[in-house]
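Understanding the architecture of this molecule
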Amino acid sequence: MKDPLIRRLHIVGIIIFLFAGIIIAKLFMLQIVSADYYKKEANKQYVSVSEEEFDRGKIFFKEKNNTTVSAASVKSGFVLALTPSLLPEDKETVYNKLINVVNIDKEDFLNKADKKDDPFEDIAHKLTSKQAEIIKNYDIPGVKSYQESWRLYPAGSLSSHILGFVGYKENKLIGRYGIEKYYEDVLKRGGEGDFLVNSFAEIFLDVGKELLVGDKKLANKEGDVVLTIEPKVQFFLEETLGKIMDKWNGSLVGGIIIEPKTGKILAMAAKPDFDPNYYGKESDLALFVNPNVESVFEFGSIMKPLTVAAALNDKVITPGSTYNDEGYVLLNGARIENYDGKARGIVDMQEVLNHSLNTGAVFAMQRLGKDRFYDYIIKYGFGDYTGIDLPGEVKGLISNLDSFREIEYATASFGQGIALTPVEMARALSSLANGGNLMKPYIVDSILVAGGPDINIEPKKQDEVISKETSDKITAMLVKTVDEALFGGIVKMDNYSIAAKTGTAQLASQDGNGYDKNKYLHSFFGYGPAYDSRFLVFLYVKEPIGARYASETLTYPFMDLMKFLLNYYEVPPDR
């Protein structure tokens, strides 16, 4: 038997060995893996910078091959500044020298140069190092250049509603909209209330507040953000929306491309938009609001597949169920008509979708009953937040259904009377394409944590709305609508099955009395390949001019987008 003293020495030796291993591993992370990050942090303690200089985490797009592309970064340059009391008497000579290097306004320069009691007046920003060097060589008393940094968005207006921008709040630069705001605690560097901690002490202490990212806690709050946005898909979507706006002169055009199986947003945009590099030049602050998550709309007939699916799921109808379409129904003293007011006699549920019959949606709702219909409204996620990782999300308005009157449920069955956000509607429609699941939409793929392991965001199932069997049934019906009814079947794809539906909704009158008979919101959604869906595309245009129905304004843009996606991702044909 070994001496107890020797055993104790062995145990102590093992502990010391493990302890040393932990320290070595930590030093490796600090000195090798995160060397650049900590060097930059250390430099901040010793390098004097201008008032404008700041540092901030990067934002990246993610291409289909997993390559990242810069969406937001920090660019460095120089600011040209004056100390008026030190300037030569001949201010115009100074100006004439400087104008050869940088474009500055003469009147502004002379006004600032005359402020003798002001120790610092900046007159030009974002100078190159070459410009700064020339000015330095002039050696003009009272004229200096200082290093500065600023936020740069290399793609200009691309994804502006998603990215937001960095702007001043009082005297502090922070994220003001979009990802910049939502992930402020991740992207900011050396923010207010932060403190420096000795690296050796960090080994033993859990330092820094935690941030919830997705469903995971981020212990080290600083890092870079990788979006789910595929830049080429985003560009094609924005180009398509621009064409819709140019052709139909809508007051607002928007779209979302989402993976229905995961909730991952591949593209999201709205027009008009803005360039976050020049946000200060915009006079209309409403441009900064992302209508896909911060605005609600009555979407009209794209609601009908959700109503029919709910009734199919409860087995109160089948695709072949029939009713007598008289062109209208009377409820609570009001008359609800089909879009054209025409009666079609005995029709089945396939014809309801093919011809977008309001009376057929009401029939399906009535077979369900008000209470069960309301249950499905809630299960589809309407009237609640989706949880998407963007700021300012609002909930859909479904308070009309807090009523005993059947007419409120009837209008909701075909998409009027309830107002929803585009992302809320896209999430619900995705359940038709993915086997019946309500998936949380998300727009950040991962967080590249500074000095720590990365955090990858995983898809999250929020509920099960309908069965796989029901999903297959409603999908087959929507495929038939495209193949046979949409423009008489001329837009169907020979090699791919596409499920889709149009929506045309009247807009509420500005005086609050009913609906404006001359103003509409057009919407269109579809997914493909229909029975193993990779993409769901959702489009809308507000107040288009020169077209009555969504089929006229959005069918071809949708088909262009779907063809691009299937080709770009090299999706095999399914028929």
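Everything below is about the structure printed above this text.
Predicted model only: the values in this text are computed from it and were never measured. Every chain's residues receive numbers from 1 upward, in the order its sequence appears when written. Local features in a predicted model are, by the rule used here, given only for residues with pLDDT of at least 70; side-chain atom pairs are given and counted only at 80 or more, and totals for whole chains, interfaces and linings are based on all residues. The basis for every side-chain value is the complete set of heavy atoms in the structure, and neither hydrogens nor water enter the calculation.

**Focus: the overall build of the protein chain**
Put simply, the rule is: For helices the rule is a DSSP run of H or I covering at least 4 residues; for strands it is a run of E covering at least 2, with both sets numbered from the N terminus onward. Between buried and exposed lies partly exposed: a residue is buried under 20% and exposed over 50% of the maximum accessible area for its type, with that area taken using a 1.4 Å probe on protein chains only. Between two residues, a contact is recorded if the distance between any of their heavy atoms is within 4.5 Å. For every accessible area listed, the method is Shrake-Rupley and the probe measures 1.4 Å; residues are considered covered only by the protein chains on display.
Counting its regular elements, the protein chain contains 19 helices and 22 strands. Burial status across the protein chain gives 51% buried among its 575 residues. Sequence-distant contacts, at least 24 apart, represent 72% of the contacts inside the protein chain between residues at least 6 apart. On the protein chain, roughly 27200 Å² of surface is accessible, and the fraction owed to carbon and sulfur atoms is 52%.

**What about the pairing of strand β20 (residues 499–508)?**
Threshold: Only strands that DSSP links by at least two bridges are regarded as paired with each other.
In terms of residue burial, β20 counts as a mostly covered element, since seven of its 10 residues are buried. In this structure, β20 lies alongside strand β21 (residues 515–528), joined through 10 bridges in antiparallel fashion. Bridge pairing in β21 links T504 to H522. A loop of six residues connects β20 with β21, the two strands running antiparallel in sequence, and G512 in this loop sits at a positive phi of about 85°.

**Notes on the environment of I162**
Structurally, I162 can be placed in helix α6 (residues 160–163). Along the primary structure I162 and N292 are separated by 130 residues, whereas in three dimensions their C-alpha atoms are 9.7 Å apart. Not counting chain neighbours up to four residues away, the residues in contact with I162 comprise G178, I179, L227, I229, Q234, M268, L390 and I443.

**Observations regarding helix α17 (residues 422–433)**
For the record, the criterion: Here the expected length of a helix is defined as 1.5 Å per residue gap, with one fewer gap than residues.
Taking 1.5 Å of rise per residue, 12 residues should cover 16 Å, and α17 covers 17 Å from first to last C-alpha, within 8% of that figure. With respect to burial, α17 is a largely interior element, 12 of its 12 residues being buried. Those residues of α17 that sit buried are P422, V423, E424, M425, A426, R427, A428, L429, S430, S431, L432 and A433. G435 sits one or two positions beyond α17 and adopts a positive phi of about 95°.

**Considerations on the pattern of salt bridges**
Spelled out, the test is: A carboxyl oxygen of Asp or Glu within 4 Å of a side-chain nitrogen of Lys or Arg is what we treat as a salt bridge.
Within this structure, the stated rule accounts for 25 salt bridges. Between D108 and K112 there is a salt bridge, with its nearest N and O atoms 3.5 Å apart. Here K112 and D108 lie together in helix α4 (residues 106–113), a separation of four residues that amounts to about one turn. Given a relative accessible area of 16%, K112 falls into the buried group. Where K115 meets E121, a salt bridge forms, and the shortest distance between an N and an O atom there is 3.7 Å.

**A look at helix α10 (residues 231–248)**
Counted only if it meets this: Counted as a polar contact is a pair of N or O atoms within 3.5 Å, where, for protein atoms, one must be capable of donating a hydrogen and the other of accepting one, and residues adjacent in sequence contribute only when both atoms are in side chains.
Spanning 18 residues, α10 covers 26 Å between terminal C-alpha atoms, matching the ideal 26 Å at 1.5 Å per step. Among all positions of α10, only P231, V233, Q234, L237, E238, T240, L241, G242, I244, M245 and W248 are buried. Here α10 starts with a cap whose side-chain oxygen sits 2.7 Å from the backbone nitrogen of K232, and that cap is E230. Residue N249 follows α10 closely and has a positive phi angle near 55°.

**Considering the sheet that holds strand β10 (residues 252–258)**
Rules: Note on geometry: axes are C-alpha line fits, over the in-contact stretch for helices, and angles between N-to-C directions span 0 to 180 degrees.
Read across the open sheet, the five strands follow the order β11-β10-β22-β21-β20; overall the sheet is antiparallel. On the outer flanks of this sheet lie β11 (265–271) and β20, each paired with one strand and no other. Strand after strand, the sheet turns through a mean of 10° between neighbouring axes, direction not considered. Helix-sheet contacts for helix α18 (residues 468–485) involve β20 and β21, and the interaxial angle to β20 is about 80°.

**Some points on the packing of aromatic side chains**
Convention followed: Pairs were defined over the aromatic rings of Phe, Tyr and Trp, the Trp ring being its six-membered one, requiring ring centres within 6.5 Å. Orientation was assigned from the angle between planes: stacked under 30 degrees, edge-to-face over 60, tilted for the rest.
One pass over the full model with this rule turns up 26 aromatic pairs. With a centroid separation of 6.0 Å and an interplanar angle of 50°, the aromatic rings of F120 and Y146 are classed as tilted. Here F120, found in the loop between α4 and β3 (121–127), pairs with Y146, found in strand β4 (residues 143–152); they are 26 residues apart in sequence, far enough to count as distant. For F120, a relative accessible area of 37% translates into the label partly exposed. Exposure remark for Y146: the relative accessible area of 34% places this residue in the partly exposed category. Relative to F288, the ring of Y177 lies with its centre 5.4 Å away and its plane at 50°, an arrangement referred to as tilted. Taken together, the residues span a long stretch of sequence, with Y177 in the loop between β6 (172–175) and α7 (178–182) and F288 in the loop between β11 and α11 (291–294) at a distance of 111 residues. For Y177, a relative accessible area of 24% puts it in the partly exposed group.

**Examining the nonpolar core**
Defined as follows: Among the buried residues, those of types Ala, Val, Leu, Ile, Met, Phe, Trp, Tyr and Cys that are joined through side-chain atoms within 4.5 Å form a nonpolar core.
Within the largest apolar cluster, 97 residues are counted, with the highest numbers of intra-cluster contacts made by I179, Y380 and L432. Of the residues forming this core, the biggest block, seven residues, is contributed by α17. Setting aside its immediate chain neighbours within four residues, L432 contacts P305, L306, A309, Y380, I466, S471, I474, T475, L478, F525 and Y527. In this structure, I498, M559, L561 and L565 belong to the second largest nonpolar core, which totals 35 residues.

**Describing the side chain of R56**
Take R56: it is sitting in the loop between α2 (35–43) and β1 (59–62). One polar contact links R56 to E180, side chain to side chain, over a distance of 2.9 Å. A distance of 2.7 Å separates the side chain of R56 from the side chain of E184, its partner in a polar contact. Beyond its immediate sequence surroundings of up to four residues, R56 is in contact with V74, R151, V166, G175, E180, E184, L187, K188 and R189.

**Comments concerning unusual backbone geometry**
Residue K271 is joined to P272 through a cis peptide bond whose omega torsion reads 5°. The residue P272 is located in the loop between β11 and α11 in this model. The phi dihedral of K126 falls on the positive side, at around 60°, and the residue is not glycine. At F487, a position not held by glycine, the phi torsion is positive, near 50°. On the accessibility criterion, F487 (30% relative accessible area) is partly exposed.

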